[in-house]
Amino acid sequence: MELRHLRYFSAVADTLHFGRAARRVHVSQPTLSQQIRQLEEELGTPLFERARTGVRLTQAGELFRTYASRALEDVDAGKVAVGALRGLATGALRVGYPPSMRGVVVPALAAVLRKHPGLALSAEEAVVRRVERRLADGKLDVGLAYAPARLPDLDAEPIFDSRLALVVGRGHPLADTETVGARQLADLPFALLSRGLRVRLRVDAYFAALRIAPHIALESNAVGTVLAIVRAGLAVTVLPEPRLADAERLLVKRLSPAPRSELAALLWRKGAPRTPAAELFAAEVRARAKEDGS
């Protein structure tokens, strides 16, 4: 018994007509009839009752149809799975995220690339508004930002609580302090992300609530630049947890009172198929969020 026998049988069972079935599977009617007879001979029983008025399944045909349909579904599912694996071997992944989430995105992308080195990765760091717009326009496969999404044609999948924390260098006077209060913040020099970025809006709101006007020594739209200044001991910064991609010689301190948290989320375009590479990236992000929350 070969796969074509199952496909030919299913076509006749669906149409109850040899001519229409032959056209569906793109063979001549005599060829189809011959293949069905071969199948019946192998099974040792007729599968169809043939008459001038039409074709009808026998009891054996009805029973066999269940198993033939299941086998064809399994084969089709296998083709999809193999195609997905091939896509991971040679496909592409386009990810967008704000600068503050580089510490989550970079390890997840590295894990994806280690598993599937043939993937072509594109990582776009941008403000949240641009990430959402690029995703909605189909120019990104998946985004990482916040829930809820601002655009109605995006779905947001909450991943973890994004909490603001103080980051200091290992040689800083606050290095041995577990929790830093408002009074201690007042006289510190800060390196902060640029105005207009969503994280900066959160930081400014936090300082405003504390009635603190921070001394800002540096502003940059690049997290790496901010952290380099902190690592050199020239300033401290406030960034979201959970993890920093480049944590050497850096320490994370809790703030008191605690800032309001936001929900970090994977963003997807509504109704759009999710590529295997995007799903793999999302799984890596979920796993890391779970580790940080445990």
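Residues numbered from 1 in each chain as written. Predicted model: local features only at pLDDT ≥ 70, side-chain atom pairs only at ≥ 80, totals over all residues. Heavy atoms only, no water.

1. Focus on the nonpolar core
Quick reminder of the rule: Buried residues of nine kinds, namely Ala, Val, Leu, Ile, Met, Phe, Trp, Tyr and Cys, make up a nonpolar core once their side-chain atoms join them within 4.5 Å. Classification of residues uses two cut-offs on accessible area relative to the type maximum, computed with a 1.4 Å probe and protein chains only: under 20% is buried, over 50% is exposed, and between them is partly exposed. Each domain's limits were defined by an automated method or a database of domain assignments.
Counting residues in each nonpolar core, the largest one holds 69 residues, and the members touching the most others are Leu93, Leu166, Leu185, Phe190, Leu266 and Phe281. Three or more residues apiece are contributed to this core by two domains, here domain 2 (89-159 + 263-291) and domain 3 (162-261).

2. A short note on the UniProt feature "domain: HTH lysR-type" (unreviewed entry) in the protein
What counts is decided by this rule: UniProt positions are given in the numbering used here, feature names are shortened, and annotations may be inferred rather than shown by experiment. Counting from the N terminus, the helices are DSSP H or I runs at least four residues long and the strands are E runs at least two residues long.
Mapped onto this numbering, the UniProt entry annotates "domain: HTH lysR-type" (unreviewed entry) at residues 1-58. Note that residues 1-58 is 62% helix and 14% strand, and that its end C-alpha atoms are spaced 19 Å apart.

3. Brief notes about the domain arrangement of the protein
Taken domain by domain, the protein consists of domain 1 (3-85), domain 2 (89-159 + 263-291) and domain 3 (162-261). In this structure, domain 1 and domain 2 have C-alpha centres spaced 43 Å apart.

4. Some thoughts on the sheet that holds strand S4 (residues 120-125)
Strands pair in a sheet through their backbones, by hydrogen bonds, and they do so in one of two ways: parallel or antiparallel. The cut-off we apply is this: Note on pairing: DSSP must find at least two bridges between two strands before they are called paired. Angles run from 0 to 180 degrees between N-to-C directions of axes, and those axes are lines fitted to C-alpha atoms, restricted for helices to the stretch in contact. We call two residues in contact when some of their heavy atoms are within 4.5 Å.
Read across the sheet, five strands follow the order S4-S3-S5-S13-S6 without closing on themselves; strand pairing throughout is mixed. Edge positions in the sheet fall to S4 and strand S6 (154-162), since each has one partner strand and no second. On average, each strand axis in the sheet is inclined to that of its neighbour by 25°, with strand direction left out of account. Strand direction decides the pairing type here: strand S3 (residues 92-97) and S4, joined by six bridges, are parallel. Paired with alanine 92 across the two strands is alanine 120, which belongs to S4. In this fold helix H5 (residues 102-115) packs onto S3, S4, strand S5 (142-147) and S6, with an angle of close to 170° to the strand it touches most, S3.

5. What to know about the sheet that holds strand S12 (residues 250-256)
With respect to topology, four strands assemble into an open sheet ordered S8-S12-S7-S11, the strand pairing being mixed. Each edge of the open sheet is held by one strand with a lone partner, namely strand S8 (179-181) and strand S11 (237-240). Averaged over all pairs of adjacent strands, the angle between strand axes in this sheet comes to 45°, irrespective of strand direction. Running at roughly 120° to S11, helix H8 (residues 198-210) makes contact with strand S7 (164-169), S11 and S12 of the sheet. Set on the sheet, helix H9 (residues 223-231) makes contact with S7, S11 and S12; between it and S11 the angle comes to about 135°.

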